[in-house]
Amino acid sequence: MKIVLGPASKKLGESIAELTGLEPVQVAHKTFPDGEAYIRLESPVQGDHVVIVQTTSPPQDSRLIQLAFIADAVKRNGASKVTAVVPYLAYARQDKIFLQGEGISIETLARMLGTAGVDALITVNVHAENALTKFPFPAKTISAIPLLAEYFVKKGCKNAFALAPDKGAMYIAQQAQSVLGGEAGHLEKHRDIYTGQTTQKGKDFNVKGQTVIIFDDIISTGGTIVGAAKILRELGAARVFAACAHPLLIGDAEKRILDAGVEEVVGTDSVPSNASKVSLAPLISQELKALKSG
Ligand code: R5P
């Protein structure tokens with residue numbers, strides 16, 4: 001088994017190579033003046049099971065093309081199997097038809113990757129696990145939430161309340177709860193499918209005087225966390241933190257969240273950012289070691 005260090009996740013790929021002992025394969029890459037991507041593998045992969053580590057956080061389209069080109073190159077150069085490790089899987093939120101006339105972006109993407117040469121995929125906290133069942137190859141999601149919760153235990157937040165900003169994220173709050181040891185609950189969130197605007201409502205749980213950590217899969221514009229923080233202030237929470245697997249943090253999202261009274265935003269390196277304080281390297285390495293021995 002060899003590990004190809006995708007340009008979007010080079011640092012994470014190097015840490016995984018170190019932890020697993022897998023031989024790293026470097027990728028030379030450039031963008032032509034007209035914007036087209038070029039990649040070349042710098043060492044042979046003939047006969048190997050090859051793992052490509054490449055996240056698809058923004059700019060997602062160019063990173064997806066790089067991933068597809070790498071998968072093609074790996075296959076053409078004789079790899080026996082290609083497993084794509086995609087820590088943040090773009091387009092996973094368009095996993096069904098919300099409005100007439102739409103397509104299902106994540107399924108299109110999966111077919112494209114399959115055609116390019118991907119035989120299996122591992123991702124982290126995909127938005128909805130069900131989407132992976134429609135992929136034309138085996139696809140699996142693993143959870144970074146216990147690692148994020150451990151970060152907060154080390155910070156002295158044992159027994160903090162784990163809050164999901166909506167019902168769909170309750171399983172995330174429950175995973176965090178099993179590490180933190182406190183209570184868990186969720187807010188109600190409604191998204192208008194035409195405008196994308198969300199409204200949030202509190203529930204009747206008691207967080208007065210408590211430390212609350214809001215857990216979500218993705219923080220993008222920060223709107224969901226800002227809204228949840230406002231509700232928590234009204235409910236009398238003493239301290240509020242925010243954690244997510246994928247800190248996209250578009251524009252000034254982190255500042256808006258901190259301005260809303262959240263003490264710290266913590267995410268993983270699925271999306272390299274200021275908030276990427278928890279590395280996925282141990283989690284992914286464990287998965288790859290199991291794959292190698294199984
Ligand atoms: C949506 O259902 C996701 O789980 C996140 O809650 C959402 O993507 C966060 O987006 P934003 O930070 O823009 O509110």
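In case you missed it, the structure is sitting above this.
Residues numbered from 1 in each chain as written. Predicted model: local features only at pLDDT ≥ 70, side-chain atom pairs only at ≥ 80, totals over all residues. Heavy atoms only, no water.

Strand pairing in a sheet takes place through backbone hydrogen bonds and is either antiparallel or parallel in direction. Reading across the sheet, the 6 strands line up as 10-9-13-14-15-16 and stay open at both edges, with parallel pairing between neighbours. Among the strands making up the open sheet, the edge pair consists of strand 10 (184–186) and strand 16 (276–278). Neighbour-to-neighbour, the strand axes of this sheet turn through a mean angle of 35°, independent of strand direction. For strand 13 (residues 211–219) and strand 14 (residues 239–247), the ladder comprises 8 bridges, and the chain directions are parallel. Following the sheet pairing, Thr 211 is matched in strand 14 by Arg 239. (Pairing = 2+ DSSP bridges. Helix = DSSP H or I, 4+ residues; strand = E, 2+ residues; numbered from the N terminus. Axes fitted to C-alpha atoms, helices over the stretch in contact; angles between N-to-C directions.)

Bringing the site of the ligand into the picture now. Near the ligand you find Arg 93, His 127, Lys 189, Asp 216, Asp 217, Ile 218, Ile 219, Ser 220, Thr 221, Gly 222, Gly 223 and Thr 224, and these make up its full shell. Within the side chain of Thr 221, a nitrogen or oxygen atom sits 2.5 Å from an oxygen atom of the ligand. In isolation the ligand exposes 380 Å². Once the protein is present, 88% of that is buried. Elements with a minimum of two residues in the shell around the ligand: strand 13 and helix 6 (223–234). (Near = heavy atom within 4 Å. Polar contact = N/O pair within 3.5 Å; in protein donor to acceptor, adjacent residues only side chain to side chain. Areas by Shrake-Rupley, 256 points an atom, 1.4 Å probe, with all protein chains shown as cover.)

When their charged atoms lie close together, side chains carrying opposite charge are able to pair. Here the structure, examined in full by the defined rule, presents 13 salt bridges. Lys 2 serves as the salt-bridge partner of Asp 48, at 3.2 Å between the closest nitrogen and oxygen. Of this pair, Asp 48 sits in the loop between strand 4 (37–41) and strand 5 (49–53) while Lys 2 is found in strand 1 (residues 2–5), placing the two residues 46 residues apart along the sequence. Take Asp 48 and Lys 2: they sit in the same class, and that class is buried. A salt bridge links Lys 140 to Glu 287; the nearest nitrogen and oxygen atoms lie 2.5 Å apart. In this pair, Lys 140 is assigned in strand 8 (residues 139–142) and Glu 287 in helix 8 (residues 281–293), connecting sequence segments 147 residues apart. Of the residues examined, Lys 140 reaches a relative accessible area of 39% and is grouped as partly exposed. (Salt bridge = Lys/Arg side-chain N within 4 Å of Asp/Glu carboxyl O. Buried < 20%, exposed > 50% of the residue type's maximum accessible area, 1.4 Å probe, protein only.)

The geometry of helix 1 (residues 10–20) relative to helix 8 is characterised by a closest axis approach of 9 Å and an angle of 50° between their N-to-C directions. By the angle between their directions, the pair helix 1 and helix 8 is classed as oblique. Crossing of helix 1 against helix 8: the hand is right-handed. Where helix 1 approaches helix 8, its residues Leu 12, Ser 15, Ile 16, Leu 19 and Thr 20 are matched on the opposing element by Ala 281, Pro 282, Ile 284, Ser 285, Leu 288, Lys 289 and Lys 292. (Parallel < 35°, antiparallel > 145°, perpendicular 65-115°, else oblique. Left-handed = near helix turned anticlockwise from the far one by under 90°. Contact = heavy atoms within 4.5 Å.)

Next up on the list: the pairing of strand 1. Across a regular strand the side chains alternate sides, sitting on one face of the sheet and then on the other. Side chains of strand 1 alternate between two faces, with Lys 2 and Val 4 and Ile 3 and Leu 5 buried alike. Alignment of strand 1 against strand 2 (residues 23–25), held across 3 bridges, turns out to be parallel. Following the sheet pairing, Lys 2 is matched in strand 2 by Glu 23. Handedness of the crossover joining strand 1 and strand 2 through helix 1: right-handed. In terms of strand pairing, strand 1 meets strand 5 through 4 bridges, oriented parallel. By the bridge assignment, Val 4 is partnered in strand 5 with Ile 52. (Right-handed = clockwise from strand over helix to strand, strands pointing away.)

The tendency in soluble globular proteins is for nonpolar side chains to be buried side by side. Residues Val 4, Leu 41, Ile 52, Val 74 and Leu 89 are the most contacted members of the largest nonpolar core, which totals 38 residues. Broken down by secondary-structure element, the contributors of at least two residues to this core are strand 4, strand 5, helix 2 (60–76), strand 6 (81–86) and helix 3 (105–116). If you tally residues by element for this core, the top one is helix 2, at 7 residues. When neighbours within four sequence positions are excluded, Val 74 is seen to be in contact with Val 4, Leu 41, Val 45, Val 50, Ile 52, Ala 79 and Val 82. (Core = buried A, V, L, I, M, F, W, Y, C linked by side-chain atoms within 4.5 Å.)

Nothing here speaks to function; it is geometry throughout.
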